Amino acid sequence: MKQKLKFTIILLVIVVALGVMSFNEYQSRQNLVFSNSLEEVVLTVDGRELTLKDMAFYIAYQEGEIEKAARIYNPEDTDEYWNLYTNNTFLREAGKQAALDMAVHDEIFYRLAVEEGLELSEEEEAHLANDRYDFWSDLEEEQRAALGVSEEILAESMRKIALAEKYQYLLAEMKQKSAEAYAFSGAAYETLLEEHEYAIEEDVWERVPFGGVTVNH
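Nothing here was measured: the structure is a model prediction, and the numbers come from that model. (Residues numbered from 1 in each chain as written. Predicted model: local features only at pLDDT ≥ 70, side-chain atom pairs only at ≥ 80, totals over all residues. Heavy atoms only, no water.)

### As for helix H4 (residues 91–116)
Here's step 1: Compared with the 38 Å implied by 1.5 Å per residue over 26 residues, the 37 Å span of H4 between its first and last C-alpha is a close match.
Here's step 2: Two residues or fewer past H4, Gly 117 is found with a positive phi of approximately 75 degrees. (Helix = DSSP H or I, 4+ residues; strand = E, 2+ residues; numbered from the N terminus. Expected span 1.5 Å × (residues − 1).)

Okay, here's the thing in structure tokens:
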């Protein structure tokens, strides 16, 4: 009787453990609610952690660009464009990867700009102010709510991007290369990237529903 009871207890423990493991695995596969997950660390670049809040601009920007093209491609069914398979990957996945690559690029170049003591000129500040206004104005109320970040947060991200871009042009001039060579997909940047370290929190990034944050796909 005692042996049977002991066996039953062990069996129950195993069942409970398997249940917990299954639940955790199920949870890990579920898409994040972006606006509720802003403090989740998704990326580390040269020791600095970037959260989903830091990624909000890139995700909104990339989703917006793809959606614009999708409306031209097939205004009756924009999902068709999002699901195109090209260059051995789905367009949706390519857009998500681009958002990540841009964030890594801009973080590196922004830090280099700060080290160099770069600042935006009055003309560049004015241009940035216009870009900020246009970007925020183009977002509908539902999109702003889905992102869960303020206008100020997006404005700060855009300021960092502007400084990163300024350093990109400066470096290109110093190295006598085109600015495109130091873009996030450029050959010169790929060489520079080898001097830096970055790591992706895959368990978080994989659960970001790209194509379903500010647009519905």
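### Here we look at the layout of surface pockets
Here's step 1: When its volume is computed, the largest pocket comes out at roughly 1,300 Å³.
Here's step 2: Along its surface, the largest pocket is lined by 44 residues, and Phe 57, Tyr 61, Glu 65, Phe 135 and Met 158 are the ones closest to its centre.
Here's step 3: Per element, the largest residue contribution to the lining of the largest pocket is 10 residues, and it comes from helix H2 (residues 52–73).
Here's step 4: Per-class residue counts for the lining of the largest pocket are 20 nonpolar, 9 polar and 15 charged.
Here's step 5: Volume-wise, the second largest pocket comes out at about 210 Å³.
Here's step 6: Around the second largest pocket, the lining is made up of 13 residues, and of these Asp 54, Glu 107, Glu 156, Ser 157 and Lys 160 lie nearest the centre.
Here's step 7: Of all the secondary-structure elements, those providing two or more residues to the lining of the second largest pocket are strand E2 (48–51), H2, H4 and helix H7 (151–174).
Here's step 8: Ranked by residue count, the leading element in the lining of the second largest pocket is H7, at 5 residues.
Here's step 9: For the lining of the second largest pocket, the class distribution of residues is 5 nonpolar, 1 polar and 7 charged. (1 Å grid on protein atoms, 1.4 Å probe; cavity = no way out; pocket = protein on both sides within 12 Å on 5 of 7 lines; lining within 4 Å. Points joined across faces, edges and corners; volume = space filled by probe spheres on them. Nonpolar A, V, L, I, M, F, W, Y, C, P; charged D, E, K, R; others polar.)

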